[in-house]
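In case you want the letters, here they are:
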Amino acid sequence: MQMKLKLTVVATLAMVAGLASAQDAVVKIGHVAPMSGAQAHYGKDNENGVRMAIEELNTQNIVIGGKKIKFELVAEDDAADPKQGTAVAQKLCDSKVAGVVGHLNSGTTIPASKVYNDCGIPMVTGAATNPNLTKPGYKTTFRIIANDNALGAGLAFYAADALKLKKVAIIDDRSAYGQGVAEVFKKTAIAKGMTVVDEQYTTDKATDFMAILTAVKSKSPDAVFFGGMDAQGGPMLRQMEQLGMSNVKFFGGDGICTAEVAKLAGGAKTLNNVVCAEGGASLVKMPGGEAWKKRYDAKYPGQFQIYSPYTYDATFVLVDAMKRAKSTDPKVYTPELIKANYKGVTTTIAFEPNGELKNPAITLYVYKDGKKSALN
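How each quantity is defined
- Residues numbered from 1 in each chain as written.
- Predicted model: local features only at pLDDT ≥ 70, side-chain atom pairs only at ≥ 80, totals over all residues.
- Heavy atoms only, no water.
- UniProt positions renumbered as here; feature names shortened; annotations may be inferred.
- Helix = DSSP H or I, 4+ residues; strand = E, 2+ residues; numbered from the N terminus.
- Pairing = 2+ DSSP bridges.
- Contact = heavy atoms within 4.5 Å.
- Axes fitted to C-alpha atoms, helices over the stretch in contact; angles between N-to-C directions.
- Expected span 1.5 Å × (residues − 1).
- Buried < 20%, exposed > 50% of the residue type's maximum accessible area, 1.4 Å probe, protein only.
- Arc of directions from axis to C-beta.
- Salt bridge = Lys/Arg side-chain N within 4 Å of Asp/Glu carboxyl O.

Moving on: the UniProt feature "domain: Leucine-binding protein" (unreviewed entry) in the chain. When the UniProt feature table is mapped to this numbering, "domain: Leucine-binding protein" (unreviewed entry) covers residues 27-366. Strand forms 20% of residues 27-366 and helix 41%; the C-alpha atoms that close the span are 41 Å apart.

Looking now at the sheet that holds strand β3 (residues 67-77). Where strands meet in a sheet, backbone hydrogen bonds hold them as pairs that are either parallel or antiparallel. Reading across from one edge, β2-β3-β1-β4-β5-β6 is the order of the six strands in this open sheet, with mixed pairing throughout. Since the sheet does not close on itself, it has two edges, and those belong to β2 (63-64) and β6 (141-143), each with one partner. Pairing geometry for strand β1 (residues 25-33) and strand β4 (residues 99-102), over four bridges, is parallel. Residue pairing across strands places His-31 opposite Val-101, the latter belonging to β4. Of the strands in this sheet, β1, β2, β3, β4 and β5 (123-125) are in contact with helix α11 (residues 308-325), which crosses β4 at around 160°.

Turn by turn, an α-helix covers 3.6 residues, leaving residues three or four places apart pointing in a common direction. Taking 1.5 Å of rise per residue, the 13 residues of helix α3 (residues 82-94) would be expected to cover 18 Å, and the 18 Å separating its terminal C-alpha atoms lies within 8% of that figure. All of the buried residues along α3 are Gly-85, Val-88, Ala-89, Leu-92 and Cys-93. Down the axis of α3, the sector holding all buried residues measures 145°, keeping them to one side. Along α3, exposed side chains directed more than 90 degrees from the buried face belong to Lys-83 and Asp-94. Positive backbone phi, approximately 60°, marks Lys-96, located one or two places after α3.

Between its terminal C-alpha atoms helix α8 (residues 230-242) stretches 18 Å, which fits the 18 Å expected from 13 residues at 1.5 Å a residue. When you tally the buried positions in α8, you get ten out of 13 residues, the bulk of the element. Along α8, the residues that are buried comprise Asp-230, Ala-231, Gln-232, Gly-233, Gly-234, Pro-235, Met-236, Leu-237, Gln-239 and Met-240. After α8 finishes, the residue Gly-244 shows a positive phi value of roughly 75°.

Below, the discussion takes up the pattern of salt bridges. Taken as a whole, this structure holds 18 salt bridges when the rule is applied. The partner of Asp-204 in a salt bridge is Lys-205, and the shortest N-O contact between them spans 3.0 Å. Residues Arg-324 and Asp-320 are paired through a salt bridge, measuring 3.1 Å at the closest nitrogen-oxygen approach. Note that Arg-324 and Asp-320 are positioned in helix α11 at a spacing of four residues, about one turn of the helix. Overall, the relative accessible area of 17% leaves Asp-320 in the buried class.

Take a look at the structure:
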């Protein structure tokens, strides 16, 4: 009889354990960025932000729809390539992820956004800034950082109003991001009375800019605006110094606004001429920026670039919508995203009807003694 009782107790405990585990649900969150190639340092930083958010969420014993949720990161590499970006987006759709944080580059995010829209999965980018991203009006596309209209215009205003510059040459890398931010800068600069003395083009794979910089130098600009990333911006600064362009200001968007650009400039004095812009407040002015950065640096020393606070917040924004909808099903919770009023590390995140961030801030930076320093 005693043996039977023991067996019954064991069976009951096993059944209870089985019910508990049956109530747990794994919810996959996708993340996409370049994890290989010249932009891998951005990608790793972005992924770190998502990973950090998921680890923290998994300590909170979150229950949604009566089930205890365990979040799982599904990380993919798009190598900053549009074709790979759409292939990876389809892979995440097929994997039935509940939402996606990404992509990093506008050139990959824009085509990928259609894939996510077609399969009904929401995506939140904390990095891609081309305004065209939200133009199709997809109900699945969200951005939690200022777009290039704000960045390009802010830089042009500073060049014209604060620095009183008259002549500018423009170089872009022909990517969706580089062209977009350069075009906005150009239009605003002209509207502010500046003269565009030259326009040159490169690629996001190039490292030798001597020919185009020689052409630019012959037009005697007060400044160069570069639409592109730090992998090109750093070598460009070195080559400008070699050509004796040490008095020419160097403007760019968030793509060059990194700690890495200082390393890639290799000690060139032209780094002191850089003025760059990021969407969002500086870390010290973000509501939770400094405390968050300490936690980040403890986990990922030496890896911080720009966007990880935004990918961290993007992950929490997705989960906040799931909680409010009481469902992790994208069809059910996606309509809740547009109603977000989430107090994040970067800002309070609320969306315009097209998925753009309401009231986005921008911050201008310069480099002092090789370190990035906020101007405003």
